[in-house]
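# Topology and contacts: notes
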Amino acid sequence: MTRAAFLDRDGTIMADVGYPSDPRQVHLVPNAIEGLKLLREHGYALVVVSNQSGIARGMLTLQDAQRVNDEVQRLLTQGGAHVDAFYLCPHRDRDGCDCRKPKPGLIEQAIREHGYAREGSVAIGDRPRDIEAGRAARVKTVRILGGPYAGEGSNNEAGIADYDAVDLLAAAHWITGGVQRAAS
Ligand SMILES: [Mg+2]
Ligand SMILES: [Zn+2]
């Protein structure tokens, strides 16, 4: 069974600009490509799991979100990396869905559809809700502390990651057992 890295998108792979609706808003964060390549070299499937409540809020359409995903994929591919699957939650809190992180629904759906192993898989994100979703899905967790949400604390134990990393490359090093570069 293939292990997977369940990756948050905004603030983890691309800069978090808040409800991006246009491909021109896509800018990869430093070391995103390098981190994804390292995970791939170690056999991880790369799966994006993203909250996109801007869709429920009427700020963008599902098609807009998919175009943004397409641009992420295009830029990654230019750099020699590639995401295997994109999952997104279009809801907001009051919709009470099972897929909006901190719920594990997107990860569970990916596991169901692709048969990924939980053992050895990992959730990576820049906010406590990403970590909570990973814990709820019983996978390892890594928090990226390089972005605007670095100071966001967790309300509960489940939001505290197994490892804090400065960026996706540092995360990938820890996950694959290489050099560890902890966030200061
Ligand atoms: Mg994020
Ligand atoms: Zn949802």
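None of these values were measured; they are calculated from a predicted model.

## Regarding the coordination of the magnesium ion (ligand 1)
Binding of the magnesium ion (ligand 1) to the protein goes through Asp-8 (OD), Asp-10 (O) and Asp-126 (OD), at separations of 2.1 Å. We note that the donor set of the magnesium ion (ligand 1) lies within a single chain, spaced as D-x1-D-x115-D. Of this pair, Asp-10 sits in the loop between β1 (3-7) and α1 (32-41) while Asp-126 is found in the loop between β4 (117-125) and α4 (128-136), placing the two residues 116 residues apart along the sequence. With a relative accessible area of 2%, Asp-126 lands in the buried category.

## What about the packing of aromatic side chains?
Counted by the stated rule, this structure contains two aromatic pairs. Here Phe-6 and Tyr-116 contribute two aromatic rings whose centre-to-centre distance is 6.1 Å and whose plane-to-plane angle is 70 degrees, an arrangement assigned as edge-to-face. With Phe-6 in strand β1 and Tyr-116 in the loop between α3 (105-114) and β4, this pair connects stretches of sequence that are 110 residues apart. With relative accessibility at 7%, the residue Tyr-116 sits in the buried group. An angle of 0 degrees between the planes, with centres 4.8 Å apart, marks the rings of Tyr-163 and Trp-174 as stacked. Of this pair, Tyr-163 sits in strand β6 (residues 163-165) while Trp-174 sits in helix α5 (residues 168-175), and the two are eleven residues apart along the sequence. In this structure, Arg-127 is placed above the aromatic ring of Tyr-149, and the distance from its NZ or CZ to the ring centre is 3.8 Å.

## Digging into the environment of Leu-38
Its place among the elements puts Leu-38 in helix α1. Classification of Leu-38 as buried rests on a relative accessible area of 15%. Considering only alpha carbons, one finds Leu-38 and Ala-81, 43 residues apart in sequence, at a separation of 9.3 Å. Once residues within four sequence positions are removed from consideration, Leu-38 is found in contact with Leu-169, Ala-172, His-173 and Thr-176.

Rules and cut-offs
Residues numbered from 1 in each chain as written. Chains lettered and ligands numbered in written order. Predicted model: local features only at pLDDT ≥ 70, side-chain atom pairs only at ≥ 80, totals over all residues. Heavy atoms only, no water. Donors = N, O, S within 2.8 Å, 3.2 Å for Na, K, Ca; no water. Helix = DSSP H or I, 4+ residues; strand = E, 2+ residues; numbered from the N terminus. Buried < 20%, exposed > 50% of the residue type's maximum accessible area, 1.4 Å probe, protein only. Phe/Tyr/Trp six-rings, centres within 6.5 Å; stacked < 30°, edge-to-face > 60°. Lys NZ or Arg CZ within 6 Å of the ring centre and 35° of its normal. Contact = heavy atoms within 4.5 Å.

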